[in-house]
Amino acid sequence: MQVTETLTEGLKRGFTVVIPSADLSEKREKRLAELSRTMQMPGFRPGKVPLSMVRKRFGQAVDAEILEASVNEATDQMMAERSLRPAVSPKVEVVNPGTDADLEFKVEMEILPDVAIPDLKSLTLTRPTAPVSDSEVDEAIAKFAEQRATMETIEEVRPAATGDIVTVDFLGKLDGTPFEGGAAQDANVEIGGNGFIPGFAEQIEGMSAGESKVINVTFPAEYHAANLAGKDVTFDITVKALKRKVAPVIDDAFAEANGFENLEEFRKFFKDRIEQQRAGASRMKVKRALLDELAKQADFAAPETLVEAEFAEIWRQVESERAAGRLDAEDAAKDEDTLRAEYRAIADRRVRLGLLVAEIGRSTNVQVTEQDMRQAMINEMQQFPGQEKMIIDFYQKNPRAMDRLRGPIFEDKVVDYALELATVTDEEVTIEALFADDED
């Protein structure tokens with residue numbers, strides 16, 4: 001095999017490869033002989049079919065098979081001998097198929113850059129934390145208990161006030177004509193609560209049981225029913241009763257009724273759940289800080305093919321948001337060239353960071369196990385109860401979808417490894433700061 005390098009430009013490489021025709025002929029004859037030993041044809045005993053007949057019948061198929069195998073083997077050998085790692089599958093162009101002459105083909109590729117792994121022990125990071133206070137546990141349990149509150153009728157005859165639940169019959173009219181969905185009986189309206197049209201509950205406040213009146217309200221401009229959006233309507237209101245919420249007493253009996261041994265265990269459950277949520281947010285913050293630091297040190301050139309593929313995916317999302325009218329106001333104010341340049345820079349950063357993370361994982365033998373993948377599948381299925389089989393079938397038939405599951409797991413394992421080596425200092429912050437969305 002003769003290899004001539006024809007292109008060395010940045011990460012781009014090009015080669016011309018020539019395989020002697022004698023090598024091809026040897027492989028071709030060997031393959032035809034194998035077929036001859038297994039071929040069955042009327043008038044000939046098994047394994048006794050003349051080679052000329054085998055060649056006549058299977059010659060073209062064997063030529064194609066030998067061509068493909070020779071190109072693949074030669075390409076793999078060439079890359080191994082030169083320690084080349086292609087960023088994507090090499091582009092191969094056959095110049096001469098080698099049927100009656102030497103096989104000649106061209107190979108072009110972009111290779112992965114040399115990625116230097118930074119000293120992870122030198123990284124200094126801050127991990128925000130927000131400890132859970134007893135008052136926050138009390139508040140969480142109080143909200144839980146409120147959701148299980150019962151209602152009792154207020155026997156006292158008095159005007160409805162904030163916090164009261166008013167049971168009403170109502171009939172909505174547009175231009176004096178009842179409209180669809182605008183009537184209800186024994187509807188419960190909380191004074192000061194949410195869920196009704198702005199101005200509806202407010203005008204019921206002060207009414208007493210047995211009282212009726214007509215109120216005027218305006219539907220919001222973005223109301224889901226187009227025929228009512230932004231329209232002025234009236235509602236005939238009749239108050240039938242006033243009620244109040246009665247929250248259960250939070251004690252051992254309440255805890256037992258909800259599956260816990262006592263109130264102490266009940267409180268521990270809520271505290272653990274809140275701590276788990278905050279631990280997740282804290283990890284996301286320090287993970288982002290780590291990746292930002294790594295991105296600063298990923299100062300190598302990224303393969304253009306990978307950057308273009310990443311940019312294309314980002315730009316499809318931008319176009320989708322634009323078409324749906326959901327494009328960020330800041331982005332919407334920019335011209336096309338500026339927007340493309342900014343998102344291309346983001347794509348370049350993502351590729352370089354991804355290559356660095358991959359190299360850290362490769363050099364430290366980070367592995368995504370079958371157990372990891374099974375757990376990821378379980379997590380996916382838990383999000384779509386009742387569709388478990390469909391999800392399993394989807395991933396079994398779509399290897400690229402499996403790669404999308406594997407990628408985040410690999411990244412998290414690399415992050416865990418890096419955080420163990422880095423100097424990480426905890427810093428107490430407010431809950432708002434902990435859960436604030438950082439700009440991507």
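Residues numbered from 1 in each chain as written. Predicted model: local features only at pLDDT ≥ 70, side-chain atom pairs only at ≥ 80, totals over all residues. Heavy atoms only, no water.

**Quick word on the pattern of salt bridges**
Right, on to step 1. Applying the stated criterion to the full structure yields 41 salt bridges.
Right, on to step 2. Lys-389 is the partner of Asp-393 in a salt bridge, and the nearest nitrogen-oxygen pair spans 2.9 Å. Here Lys-389 and Asp-393 lie together in helix α11 (residues 388-397), a separation of four residues that amounts to about one turn.
Right, on to step 3. For Asp-393, a relative accessible area of 25% translates into the label partly exposed.
Right, on to step 4. Its salt-bridge partner being Arg-406, residue Asp-403 comes within 2.9 Å of it at the nearest N-O pair. Placement of the pair is Asp-403 and Arg-406 together in helix α12 (residues 399-421), with a separation of three residues, close to one helical turn.
Right, on to step 5. Using a relative accessible area of 31% as the deciding quantity, one classes Arg-406 as partly exposed.
Right, on to step 6. Residues joined by salt bridges that share partners form a network here, namely Arg-283, Lys-287, Glu-411, Asp-412 and Asp-416. (Salt bridge = Lys/Arg side-chain N within 4 Å of Asp/Glu carboxyl O. Helix = DSSP H or I, 4+ residues; strand = E, 2+ residues; numbered from the N terminus. Buried < 20%, exposed > 50% of the residue type's maximum accessible area, 1.4 Å probe, protein only.)

**Topic: helix α10 (residues 370-382)**
Right, on to step 1. An ideal rise of 1.5 Å per residue puts 18 Å on 13 residues; α10 measures up with 18 Å between its terminal C-alpha atoms.
Right, on to step 2. Met-373, Ala-376, Met-377 and Met-381 are the residues of α10 that are buried. Around the axis of α10, the buried residues are gathered within 140° of arc, so they sit on the same side.
Right, on to step 3. Structurally, α10 contributes buried residues whose contacts are with α11 and α12. (Expected span 1.5 Å × (residues − 1). Arc of directions from axis to C-beta. Contact = heavy atoms within 4.5 Å.)

**What to know about unusual backbone geometry**
Comment: phi is negative for the bulk of residues other than glycine, and the bulk of peptide bonds are trans.
Right, on to step 1. Positive phi is not limited to glycine here, since Ser-83 has a value of about 55°.
Right, on to step 2. Note that Ser-83 resides in the loop between α2 (51-81) and β3 (91-97).
Right, on to step 3. At Asp-186, a position not held by glycine, the phi torsion is positive, near 55°.
Right, on to step 4. In this structure, Asp-186 sits in strand β8 (residues 177-190).
Right, on to step 5. The exposure class of Asp-186 is partly exposed, given its relative accessible area of 46%.

**Concerning α2**
Right, on to step 1. Relative to the 45 Å expected for 31 residues at 1.5 Å per residue, α2 spans just 37 Å between its end C-alpha atoms, considerably shorter than the ideal helical length.
Right, on to step 2. The largest bend in α2 is about 70°, located at Phe-58.
Right, on to step 3. Of all the positions in α2, only Val-54, Gly-59, Val-62, Ile-66, Ser-70, Val-71, Ala-74, Thr-75, Met-78 and Met-79 are classed as buried.
Right, on to step 4. Remark: Ser-83 follows α2 within two positions and exhibits a positive phi of approximately 55°. (Bend = angle between axes of the 7 residues up to and from the residue.)

**Some details on the pairing of strand β7 (residues 165-174)**
Right, on to step 1. Counting buried positions along β7 yields eight of 10 residues, so the element is predominantly enclosed.
Right, on to step 2. Pairing of β7 with strand β10 (residues 232-246) involves nine bridges; the strand directions are antiparallel. Among the inter-strand pairings, Val-168 is bridged to a residue of β10, identified as Val-239. (Pairing = 2+ DSSP bridges.)

**What to know about the packing of helix α7 (residues 304-323) against helix α9 (residues 336-363)**
Between two packed helices, both the angle of their axes relative to each other and the distance between the axes serve to describe the pair.
Right, on to step 1. At their nearest, the axes of α7 and α9 sit 8 Å apart, and the two run at 130° to each other. On the basis of their axis angle, the class for α7 and α9 is oblique. In this structure, α7 crosses over α9, and the sense of that crossing is right-handed. Judged by residue contacts, Leu-306, Val-307, Glu-308, Glu-310, Phe-311, Ile-314, Trp-315, Val-318, Glu-319 and Arg-322 of α7 engage Glu-336, Leu-339, Arg-340, Tyr-343, Arg-344, Ile-346, Ala-347, Asp-348, Arg-350, Val-351 and Leu-355 from α9.
Right, on to step 2. Classifying every residue of the contact of α7 with α9 by side-chain character gives 12 nonpolar, no polar and nine charged. (Axes fitted to C-alpha atoms, helices over the stretch in contact; angles between N-to-C directions. Parallel < 35°, antiparallel > 145°, perpendicular 65-115°, else oblique. Left-handed = near helix turned anticlockwise from the far one by under 90°. Nonpolar A, V, L, I, M, F, W, Y, C, P; charged D, E, K, R; others polar.)

**A few points about the nonpolar core**
Right, on to step 1. With 33 residues, the main nonpolar core has Leu-290, Leu-294, Val-318, Tyr-343 and Leu-356 as its most contacted residues.
Right, on to step 2. Those elements that provide at least two residues to this core are α6 (263-297), α7, α9 and α12.
Right, on to step 3. Of all the elements, α9 adds the most residues to this core, at nine residues.
Right, on to step 4. Once residues within four sequence positions are removed from consideration, Val-318 is found in contact with Leu-327, Leu-339 and Tyr-343.
Right, on to step 5. Counting 25 residues, the second-largest nonpolar core is a separate cluster that includes Leu-174, Ile-197, Phe-200 and Val-233. (Core = buried A, V, L, I, M, F, W, Y, C linked by side-chain atoms within 4.5 Å.)

**A word on the packing of aromatic side chains**
Within a pair of aromatic rings, the relevant descriptors are the distance that separates the centres and the angle that separates the planes.
Right, on to step 1. Overall, the coordinates contain 19 aromatic pairs when judged by the stated rule.
Right, on to step 2. Centroid distance Phe-144 to Phe-270: 5.5 Å. Interplanar angle 70°. Geometry classified as edge-to-face. Here Phe-144 is found in helix α3 (residues 134-147), whereas its partner Phe-270 is found in helix α6, with 126 residues between them in sequence. Assigned by exposure class, Phe-144 and Phe-270 land together as buried.
Right, on to step 3. Ring geometry for Phe-196 and Phe-200: centres 5.0 Å apart, planes at 25°, overall stacked.
Right, on to step 4. Within the aromatic cluster, the residues linked to one another by ring pairs are Phe-170, Phe-179, Phe-196, Phe-200, Phe-219, Tyr-223 and Phe-235.
Right, on to step 5. The ring centre of Phe-144 lies 3.6 Å from the NZ or CZ of Arg-148, which sits over that ring. (Phe/Tyr/Trp six-rings, centres within 6.5 Å; stacked < 30°, edge-to-face > 60°. Lys NZ or Arg CZ within 6 Å of the ring centre and 35° of its normal.)

**What about the sheet that holds strand β4 (residues 103-110)?**
Right, on to step 1. With respect to topology, four strands assemble into an open sheet ordered β1-β2-β4-β3, the strand pairing being antiparallel. Because the sheet does not close on itself, it has two edges, and the strands there are β1 (2-9) and β3. Averaged over all pairs of adjacent strands, the angle between their axes in this sheet comes to 15°, without regard to strand direction.
Right, on to step 2. Note: strand β2 (residues 12-19) against β4, eight bridges, orientation antiparallel. In the sheet register, Gly-14 faces β4, and the bridge partner there is Glu-108.
Right, on to step 3. Strands in contact with α2 are β1, β2, β3 and β4; relative to β4, the strand with the most contacts, it is inclined by about 50°.

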